[in-house]
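So the chains spell out like this:
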Amino acid sequence: MSIDYKTSNLPPPVYNRAKELWGVDFDKGTVFTYGDTIHSKSPLSADLLAHELVHVRQQTLIGRDEWWMKYFADPQFRLDQETEAYRAQYKWFVNNLTAREGVAKMLVWLASLLSGEMYGKLITRSEAIKLISK
Amino acid sequence: MSSNNYLLISETDNGFTLVEHCADEVEDNSGFGRGIFPTLKEACEGAQEVMRVEQIEYGVSFNLE
């Protein structure tokens, strides 16, 4: 299934709120999806595109502003939405990296992100590994 | 929301080298991608210095094919 999307190298309207809550920095590589637009200062890698396209689809389903309102307010919603996106990103690595060791390292890296400060430290890294690789 | 702040480091016969990165300025001013580092740790430290990032452990991806 193809998903239509646009890209922008400018921060999205929700950026200031996200920065206030979690200290994320657009200029240092944080990527946002706002509606059908992916906001990133630098070009997206293929795995990251797989991740953000999940958010495009999620926001299409319930509405951009409703999605972001819940994302900011509800930690479980945030975790559920990000878990789905990280699974898609991990699947990209599984399908495109042939070395098992490389795939395993990517899983740890993705779990570090999902369990990190960027989302408010929702879970431990071990829990994130289990969620992403399920 | 996610992070685009990472590097792809590849293992060679002689060590490790940066093969891909997300930050344009790295390519512009460092020449880092042409370097070979004897250990992955040194490659990460080199990348950290060039990119001036604080949490390199979250910012590195590995291609060990």
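On a predicted model such as this, the values are computed, not experimentally measured, just so you know.

> Please explain the confidence of the model for chain A as it appears in this structure.
Detailed reading of predicted coordinates is not advised where the pLDDT is low. Of the residues in chain A, 94% reach a pLDDT of 70 or more, and the chain-wide mean stands at 90. Across chain A, the secondary-structure element scoring lowest on mean pLDDT is helix α5 (residues 100–114) of chain A, at 76, and the one scoring highest is helix α3 (residues 64–73) of chain A, at 98.

> I'm lost on unusual backbone geometry in this one. Help?
Leaving glycine out, the prevailing phi sign among residues is negative, and the prevailing peptide bond configuration is trans. The phi torsion at lysine 121 of chain A lies on the positive side, around 50°, for a residue other than glycine. Looking at where lysine 121 of chain A falls in the secondary structure, it is placed in the loop between α5 and α6 (125–133).

> Looking at this structure, I do not really get the environment of leucine 113 of chain A. What am I missing?
Take leucine 113 of chain A: it is sitting in helix α5. Taking the C-alpha atoms as reference, leucine 113 of chain A lies 16 Å from leucine 21 of chain A; in sequence the two are 92 residues apart.

> Is there a simple way to explain the packing of helix α2 (residues 46–62) of chain A against α3 of chain A in this structure?
Residues and elements named next belong to chain A. Two elements in contact, α2 and α3, have axes separated by 6 Å at closest approach and are oriented at 110°. By the angle between their directions, the pair α2 and α3 is classed as roughly perpendicular. Contact with α2, carried on its side by His55, Gln58, Gln59 and Ile62, involves Arg64, Glu66, Trp67, Trp68 and Lys70 of α3 and no other residues of that element. Residue classes in the contact of α2 with α3 are distributed as three nonpolar, three polar and three charged.

> For this particular structure, what's the right way to read the nonpolar core?
Nonpolar side chains in soluble globular proteins tend to be buried together. In terms of nonpolar packing, the biggest core is built from 31 residues, with Phe32, Trp68, Tyr71, Tyr86, Leu114 and Ile132 of chain A together with Met1 of chain B touching the most fellow members. Elements represented by at least two residues in this core include exactly α1 (15–22), β2 (30–34), α3, α4 (75–96), α5 and α6 of chain A. For this core, the element with the most residues is α5 of chain A, which contributes eight residues.

> Even after reading the chapter, I still don't get the side chain of serine 8 of chain A, so can you show me in this structure?
Residues and elements named next belong to chain A. Structurally, the position occupied by serine 8 is in strand β1 (residues 6–8). At 3.0 Å, the side chain of serine 8 forms a polar contact with the backbone nitrogen of leucine 10. In this view, serine 8 contacts Thr37, Ile38, His39 and Ser40; residues no more than four positions away in its chain are not counted.

Calculation notes
Residues numbered from 1 in each chain as written. Chains lettered and ligands numbered in written order. Predicted model: local features only at pLDDT ≥ 70, side-chain atom pairs only at ≥ 80, totals over all residues. Heavy atoms only, no water. pLDDT = per-residue confidence, 0-100. Helix = DSSP H or I, 4+ residues; strand = E, 2+ residues; numbered from the N terminus. Axes fitted to C-alpha atoms, helices over the stretch in contact; angles between N-to-C directions. Parallel < 35°, antiparallel > 145°, perpendicular 65-115°, else oblique. Contact = heavy atoms within 4.5 Å. Nonpolar A, V, L, I, M, F, W, Y, C, P; charged D, E, K, R; others polar. Core = buried A, V, L, I, M, F, W, Y, C linked by side-chain atoms within 4.5 Å. Buried < 20%, exposed > 50% of the residue type's maximum accessible area, 1.4 Å probe, protein only. Polar contact = N/O pair within 3.5 Å; in protein donor to acceptor, adjacent residues only side chain to side chain.

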